[in-house]
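# Coordinate analysis (summary)
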Amino acid sequence: MKITMIGAGYVGLVSGGCFADIGHAVTCVDRDEAKLEALRRGQIPIYEPGLEAIVHDNMQAGRLQFTADLAAAVADADAVFIAVGTPSRAGDGLADLTHVYAVAREIAPHLTGHTVVVTKSTVPVGTGDEIGRVIAKENPAADVAVVSNPEFLREGSAIGDFMQPDRVVIGTDDARARCVMHDIYAPLNLDDDRILMMSRRTAELTKYAGNSFLAMKVTFINEIADLCEKVGADVLDVARGIGMDERIGRKFLQAGPGIGGSCFPKDTLALVKTAHDADSPVRLVETTVTVNDQRKRAMAKKVIRACGGTVRGKTIAILGLTFKPDTDDVRESPAIPIITALQDAGARIRAFDPEGTEQAQTILKNIAYCEDAYDAAAGADALVIVTEWGVFRDLDLARLKQTMAAPVMVDLRNIYDAATVRVAGISYTGIGRSDGTDRRSLVLHQAAE
Ligand code: UGA
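These figures come from a predicted structure and were not determined experimentally.

## As for the layout of surface pockets
Gaps left between atoms show up when a probe the size of a water molecule is rolled over them. Considered as a void within the structure, the second largest pocket measures approximately 1,100 Å³ in volume. The wall of the second largest pocket is formed by 50 residues, among which Ala83, Val84, Gly85, Thr86 and Arg331 lie closest to the centre. Among the secondary structure elements, those contributing two or more residues to the lining of the second largest pocket are helix H1 (10–21), helix H5 (98–107), helix H11 (264–277) and helix H12 (283–306). Lining the lining of the second largest pocket are residues from two domains, each supplying at least three of them: domain 1 (2–198) and domain 2 (234–429).

Here it is as C-alpha cells:
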C-alpha cells in the first residue's frame with residue numbers, strides 16, 4: 001500500500017520506518033529541509049534503538065523516502081497519516097491542534113480517489129470530526145474517511161512496540177477505511193482479537209485513558225513508596241506483592257522520582273481538560289497530575305536530607321538527565337526540577353547522561369557535563385541516580401567511593417541493593433526502601449505517641 005506520513009518527528013519516523021519495513025511504500029513528509037537532507041544521508045535526529053537501521057535499510061530497498069513535496073506525496077496515497085506534534089497549549093493544558101488542522105487544510109486540495117486520513121498524533125475526542133469538516137470545506141469533492149489510530153510506542157522500545165503490539169486500535173465507522181487499515185496492519189500477522197475496531201471518538205479517548213491509567217499506576221506506587229519510608233516497609237516487596245495479582249499486573253510499579261516524557265504529563269493534563277469541558281471530571285487523573293508535579297521537586301529534599309540537611313557549597317553528581325533510559329529525550333524529565341532545586345539550595349552540579357547531554361544543555365545551565373559516571377562522581381558530596389540507564393547498574397562501588405568527597409548515594413530508581421552499597425562504605429538512600437534512617441524515624445514517631 002502507498003502510505004504518506006506527515007511529520008518526520010518521533011512518531012512519524014518510527015511508524016513510517018516500520019510501515020516500510022513490513023512492505024509498504026512510505027513517503028515521509030516534513031517541512032524542515034535540513035532534517036530531510038540529514039535523513040536522506042541516514043542521520044536520524046533522535047536516539048531510538050534500532051531506528052537508524054530500519055530507516056537505512058528501507059531507504060536502500062526503495063520503500064522509504066523523505067520529501068517536502070506534500071502535494072505529490074498525498075496525491076496517490078492510499079492512506080495519509082498525520083503524525084505532527086500536539087504539545088500542551090499554553091494556558092489551559094489542552095492539546096494544541098494547530099499543526100494537525102494545518103495539515104488537514106494543506107492535504108485537502110491534493111487528495112485524489114478514496115483516501116484514508118489517519119491521526120497518529122495524540123488528539124482529543126472530536127478532533128477526527130473537525131479534521132473531516134476542515135477537509136470537506138477545503139475540498140468538498142474529496143473522498144475521504146478520517147480514522148483514529150493512536151500509537152502506543154514507548155520511547156526506547158518503540159520498534160518492538162510497533163512490530164509486536166499488544167493491540168492496534170482503529171477508530172472508524174467507515175467500512176472501506178476498516179479494510180484499508182486492516183490491510184495496512186496485515187503484515188504484522190496479529191491475531192484478529194488484537195486489532196480493535198471501534199468508533200473514532202472511542203479510539204481517541206482510548207489513547208488518553210491508557211496513558212492516564214499508566215500515569216496513575218506509577219503515581220500510586222510512588223505514593224506507596226513514600227508511605228513505606230514512613231512506616232518502615234519496602235516498596236519493592238509491596239510492588240511484587242500486589243503485582244503478582246494478575247488483576248493488578250507487575251508492570252509500571254517501579255517507584256521513582258516521578259513521571260516525565262512528552263506523553264504522560266501532557267496527556268493527563270489534556271484528559272483533565274477534556275473531562276472538565278464535558279462536565280465529567282476525572283478526579284483521579286487530576287490528583288495524579290498534582291502529585292506528580294510536586295514529586296519531582298520534592299526529590300531534591302531527599303537529596304538534601306541524605307547530605308545531612310544542606311547542600312550549600314556542596315557538589316552533587318547527577319547520573320541520568322533523560323526522563324527514562326534509551327532515549328535522548330529530556331522533556332519533563334525529573335532531572336530538570338531536581339537539579340534546579342539543588343542549584344537553588346546552593347549546590348554545584350556535575351552530570352552525566354549517555355545520550356541526553358545535548359538536549360539537556362539547552363535547558364540546564366551552570367552544570368559541569370561529564371564524560372562518564374566516575375567523572376561526574378569525582379569530588380562529589382553525593383551521587384544521585386535519576387535515570388536507570390543500563391551503564392549505571394553495575395558501577396565499581398570501590399572506585400566511586402575513592403573518587404567522591406563524601407560516600408553518599410541517592411538511588412531514585414532503586415537499581416542498587418542497599419546492603420551491597422553500604423558494605424562498600426557508601427551511605428545509601430533509595431525510594432521507599434526500609435533503611436535504618438526511616439526505621440529510626442518510625443520508632444521515634446511511635447515512641448512519641
Ligand atoms: C508512554 C506510553 O507507555 C506509551 O504506550 C505511549 O505510546 C507513549 O507514552 C505515547 O503516548 O506516545 P513513554 O512516554 O515513552 O511512553 O514512557 P513510559 O515508558 O511509559 O514511561 C513514562 C514515565 O513513567 C517515565 O518517566 C518513566 O520513568 C516513568 N515510569 C514508568 C516509572 O517511574 N515507573 C514505572 O514503573 C514505569
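## Focus: empty space enclosed by the protein
For the structure on display, the rule yields 1 cavity of 30 Å³ or more. Looking at the largest cavity, its volume works out to about 40 Å³. What lines the largest cavity is Thr119, Ser121, Thr122, Val123, Ser148, Pro150, Ala203, Glu204 and Lys207. Considering every element that reaches the lining of the largest cavity, the biggest residue donor is helix H9 (residues 200–231), with 3 residues. In terms of residue class, the lining of the largest cavity is built from 3 nonpolar, 4 polar and 2 charged.

## Here's the deal with the site of the ligand
Lining the immediate surroundings of the ligand are 19 residues, of which Glu151, Leu153, Glu155, Lys207 and Asn211 lie closest. With respect to the ligand, the side chain of Lys207 contributes an N or O atom lying 2.6 Å from an oxygen atom. Between the ligand and the protein, one listed contact pairs a nitrogen atom with a backbone N or O atom of Gln254 at 2.8 Å. For the ligand, the protein covers 93% of the area, taking 710 Å² as the surface of the free molecule. Looking at the shell around the ligand, the elements with two or more residues in it are H9 and H11. The element best represented in the shell around the ligand is H9, accounting for 3 residues. Per-class residue counts for the shell around the ligand are 9 nonpolar, 3 polar and 7 charged. Lining the shell around the ligand are residues from two domains, each supplying at least three of them: domain 1 (2–198) and domain 2 (234–429).

## Notes on the nonpolar core
Core analysis: the biggest nonpolar cluster contains 44 residues, and Phe19, Phe66, Phe81, Met181, Ile184 and Tyr185 have the highest contact counts within it. A total of 7 residues in this core trace back to one element, the largest contributor, which is H1. Core analysis: the next-biggest nonpolar cluster, separate from the first, contains 37 residues, Ala300, Val330, Leu342 and Leu364 among them.

## Observations regarding the domain arrangement of the protein
Each assigned domain of the protein is listed with its residue range as follows: domain 1 (2–198) and domain 2 (234–429). Distance from the C-alpha centre of domain 1 to the C-alpha centre of domain 2: 33 Å. Of the residues lining the interface, 17 residues belong to domain 1; the matching set on domain 2 comes to 16 residues. Interface of domain 1 and domain 2: buried area, both sides summed, is about 1,300 Å²; carbon and sulfur atoms make up 54% of it. Summed over the three residues of domain 1 that lose the most area to domain 2, namely Tyr47, Leu94 and Glu155, the buried surface amounts to 48% of that side. Where domain 1 meets domain 2, there are 0 salt bridges. Counting every contact that joins domain 1 to domain 2 gives 4 residue pairs in polar contact (both at pLDDT 80 or more). In terms of residue class, the side of domain 1 that touches domain 2 is built from 8 nonpolar, 5 polar and 4 charged.

## Details of the pairing of strand S6 (residues 143–148)
Relative to S6, strand S5 (residues 114–119) is paired through 6 bridges, and the arrangement is parallel. When the bridges of S6 are listed, Thr119 appears paired with Ser148. Regarding the hand of the β-α-β motif, the stretch spanning S5, helix H6 (residues 127–138) and S6 is right-handed.

## Notes on the pattern of salt bridges
What the rule picks out here adds up to 22 salt bridges. A salt bridge links Glu229 to Lys302; the nearest nitrogen and oxygen atoms lie 2.5 Å apart. Residue Glu229 is found in helix H9, and its partner Lys302 is found in helix H12; the two are separated by 73 residues along the sequence. Lys302 matches Glu229 in its accessibility class, with the two residues each being buried. Each member of the salt-bridge network shares a partner with another, and the members are Glu37, Arg40 and Arg41.

## Thoughts on the packing of aromatic side chains
Summed over the entire model, instances satisfying the criterion amount to 6 aromatic pairs. For the pair Phe19 and Phe81, a centre-to-centre distance of 5.1 Å together with 45° between the ring planes defines the contact as tilted. A residue pair is termed long-range when its members are at least 10 positions apart, and Phe19 in helix H1 and Phe81 in strand S4 (residues 79–82) qualify at 62 residues. On the accessibility criterion, Phe81 (0% relative accessible area) is buried. Pairing Phe352 with Phe392 gives two aromatic rings, centres 6.0 Å apart and planes at 75°, and the pair type is edge-to-face. With Phe352 in strand S10 (residues 348–352) and Phe392 in the loop between strand S12 (382–385) and helix H16 (397–403), this pair connects stretches of sequence that are 40 residues apart.

## Points about the side chain of Asp234
Looking at the element boundaries, Asp234 is found in the loop between H9 and helix H10 (235–243). Not counting the four nearest positions on each side in its chain, Asp234 is found in contact with Cys228, Gly432, Arg433 and Ser434.

## Examining the packing of H6 against H9
With their axes 8 Å apart at the nearest point, H6 and H9 run at an angle of 130° to one another. Between H6 and H9, the interaxial angle falls into the category oblique. In this structure, H6 contributes Thr127, Gly128 and Asp129 to the contact, and H9 contributes Arg200, Arg201 and Glu204. When grouped by side-chain class, the residues that make up the contact of H6 with H9 number no nonpolar, 2 polar and 4 charged.

Reading guide: rules and limits
- Residues numbered from 1 in each chain as written.
- Predicted model: local features only at pLDDT ≥ 70, side-chain atom pairs only at ≥ 80, totals over all residues.
- Heavy atoms only, no water.
- 1 Å grid on protein atoms, 1.4 Å probe; cavity = no way out; pocket = protein on both sides within 12 Å on 5 of 7 lines; lining within 4 Å.
- Points joined across faces, edges and corners; volume = space filled by probe spheres on them.
- Helix = DSSP H or I, 4+ residues; strand = E, 2+ residues; numbered from the N terminus.
- Domains from an automatic or database assignment.
- Nonpolar A, V, L, I, M, F, W, Y, C, P; charged D, E, K, R; others polar.
- Near = heavy atom within 4 Å.
- Polar contact = N/O pair within 3.5 Å; in protein donor to acceptor, adjacent residues only side chain to side chain.
- Areas by Shrake-Rupley, 256 points an atom, 1.4 Å probe, with all protein chains shown as cover.
- Core = buried A, V, L, I, M, F, W, Y, C linked by side-chain atoms within 4.5 Å.
- Buried < 20%, exposed > 50% of the residue type's maximum accessible area, 1.4 Å probe, protein only.
- Contact = heavy atoms within 4.5 Å.
- Buried area = accessible area lost by both parts, 1.4 Å probe.
- Salt bridge = Lys/Arg side-chain N within 4 Å of Asp/Glu carboxyl O.
- Pairing = 2+ DSSP bridges.
- Right-handed = clockwise from strand over helix to strand, strands pointing away.
- Phe/Tyr/Trp six-rings, centres within 6.5 Å; stacked < 30°, edge-to-face > 60°.
- Axes fitted to C-alpha atoms, helices over the stretch in contact; angles between N-to-C directions.
- Parallel < 35°, antiparallel > 145°, perpendicular 65-115°, else oblique.

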